[in-house]
Amino acid sequence: MVTRDVSCGVPQGSVLGPLLWNIGYDWVLRGNLIEGASVTCYADDTLVTARGRDFSEAARRATAGVATIVSRIRELGLEVALEKSEALCFHGPQRAPPTDSHIVVGGTRIEVGKTLKYLGLNLDPRWNFGAHFIKLAPKLLKTAGALSRLMPNLGGPSASSRRLYLGVVRSMALYGAPVWYGALSGCNVTLLKRAQRHLATRVIRGYRTVSGDAALALAGSMPWDLEALVLAAMYEWRGDQRSQGQRPAPREVEAERLLLEEDALAAWRERLADSTYGRRTTGAIAPVLTEWVRRQHGRLTFRMTQVLSGHGCFGAYLAMIRREPTAKCHHCHRCDEDTARCPGLSGGG
């Protein structure tokens, strides 16, 4: 059972700097609570958690814990907007709380909802983060769509600027990855990949018909679920180091990150080898994937992407999208199919 209290307001006319805030809130956090309850605070967002053998016991402890915290906050001369507070009950199979469940604190009724947003993550009763990704996906697609309008295939920002735009949406998508990675499902991976593919296509200046695997490979953008794995593993590694009383040097942290990234690149390479679409492109990049992703030179142009992807002004592609009656090459009499590998491209026709 968790209860989130929000909007601790400073009395009018008073000035409470960060240091005084920390001192005051330290007193709030260190006070004793009823057994089975605890409190976590970030800025003015306060989270009270309570455990119990059943919902009734957890609710009683949550009510007492919230009342205690609210009382301490008010002693500091602050106010808590109880009407904006939220509550959520975590439970196992067949142990959902009764319908219309709620707790009452200070005469204010706080409903037990189906989701609770805390520090940018939407939590749900079963801790599977389905609600988080359902709400995240439209934001990613909306942002990707807005940024895509800034990146036309011809002209527009440079390659570095395009990668920067991709990084903006990446930061949104991977926020809190160490927390939700363990519950990442196939449906959630699909939601992430949809937004990533949309932006990767714009980064490489490609057509929207380029497959997702090929677009990500050409852009050098590792699938976000694999990047989430790296972030989660790094978080766990740092936690293990701290639990052993160690403080690794920056070079040790970087070395561990590179090792984890190598494992993720190996997993990505296997995916590219098994990809169904864009096999010609992925097959060319997979053997040199690490070098391609980490290269410090070269950039993709509109025409270069057409050659590497095969999606461009070629008879085979134009016939596929029904813009040409046949795939026959107009320049080379030796080829029945005009592709990026046609000798006519190099003047051999």
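Parameters and conventions
- Residues numbered from 1 in each chain as written.
- Predicted model: local features only at pLDDT ≥ 70, side-chain atom pairs only at ≥ 80, totals over all residues.
- Heavy atoms only, no water.
- Helix = DSSP H or I, 4+ residues; strand = E, 2+ residues; numbered from the N terminus.
- Buried < 20%, exposed > 50% of the residue type's maximum accessible area, 1.4 Å probe, protein only.
- Areas by Shrake-Rupley, 256 points an atom, 1.4 Å probe, with all protein chains shown as cover.
- Lys, Arg positive; Asp, Glu negative; His and termini not counted.
- Charge placed at Lys NZ, Arg CZ, Asp CG, Glu CD.
- Core = buried A, V, L, I, M, F, W, Y, C linked by side-chain atoms within 4.5 Å.
- Contact = heavy atoms within 4.5 Å.
- 1 Å grid on protein atoms, 1.4 Å probe; cavity = no way out; pocket = protein on both sides within 12 Å on 5 of 7 lines; lining within 4 Å.
- Points joined across faces, edges and corners; volume = space filled by probe spheres on them.
- Nonpolar A, V, L, I, M, F, W, Y, C, P; charged D, E, K, R; others polar.
- Polar contact = N/O pair within 3.5 Å; in protein donor to acceptor, adjacent residues only side chain to side chain.
- pLDDT = per-residue confidence, 0-100.

1. Some points on the overall build of the chain
For the chain, the count of helices and strands is 13 helices and 8 strands. C-alpha extents for the chain along the principal axes are approximately 85 × 50 × 45 Å. Of all 349 residues assigned to the chain, the portion counted as buried reaches 41%. Entry remark: accessible area of the chain is about 19700 Å², with carbon and sulfur atoms responsible for 54%. Between the centroid of the 45 positive side chains of the chain and the centroid of its 32 negative side chains there is a distance of 8 Å.

2. Things to note about the nonpolar core
Phe133, Leu140, Trp180, Leu192, Leu199, Trp224 and Trp268 are the most contacted members of the largest nonpolar core, which has 52 residues in total. Contacts of leucine 192, omitting those with residues within four sequence positions, involve Phe133, Leu140, Ala173, Trp180, Leu184 and Trp224. Val48, Ala59, Leu78 and Ile110 belong to the second largest nonpolar core, which has 19 residues in total.

3. Section: the layout of surface pockets
Computed from the structure, the largest pocket encloses a volume of approximately 800 Å³. Together, 32 residues line the largest pocket, and Arg163, Ala219, Gly220, Ser221 and Val293 are the ones closest to its centre. Those elements giving two or more residues to the lining of the largest pocket turn out to be helix H4 (159-173), helix H7 (212-219), helix H8 (224-243), helix H9 (250-274) and helix H11 (289-294). Sorting elements by how many residues they give to the lining of the largest pocket places H9 first, with 6 residues. Along the lines of polarity and charge, the residues of the lining of the largest pocket split into 16 nonpolar, 6 polar and 10 charged. Quantified by volume, the second largest pocket comes out at close to 330 Å³. Residue lining of the second largest pocket: 19 residues in total, with Arg280, Ser309, Gly310, His311 and Ala316 positioned closest to the centre. Broken down by secondary-structure element, the contributors of at least two residues to the lining of the second largest pocket are helix H10 (279-285) and helix H13 (315-320).

4. A look at the side chain of serine 221
Mapped onto the elements of the fold, serine 221 is located in the loop between H7 and H8. At a separation of 2.8 Å, a polar atom in the side chain of serine 221 contacts the side chain of glutamine 196. Ignoring any residue separated from it by four or fewer positions in sequence, one finds serine 221 in contact with Leu166, Gln196, Leu216 and Trp268.

5. Digging into the confidence of the model for the chain
In the predicted model, the chain carries a mean pLDDT of 86, and 92% of its residues have values of at least 70. pLDDT under 50 marks residues 7-15. Its contacts with residues more than four places away, or in other chains, come to 17 contacts.

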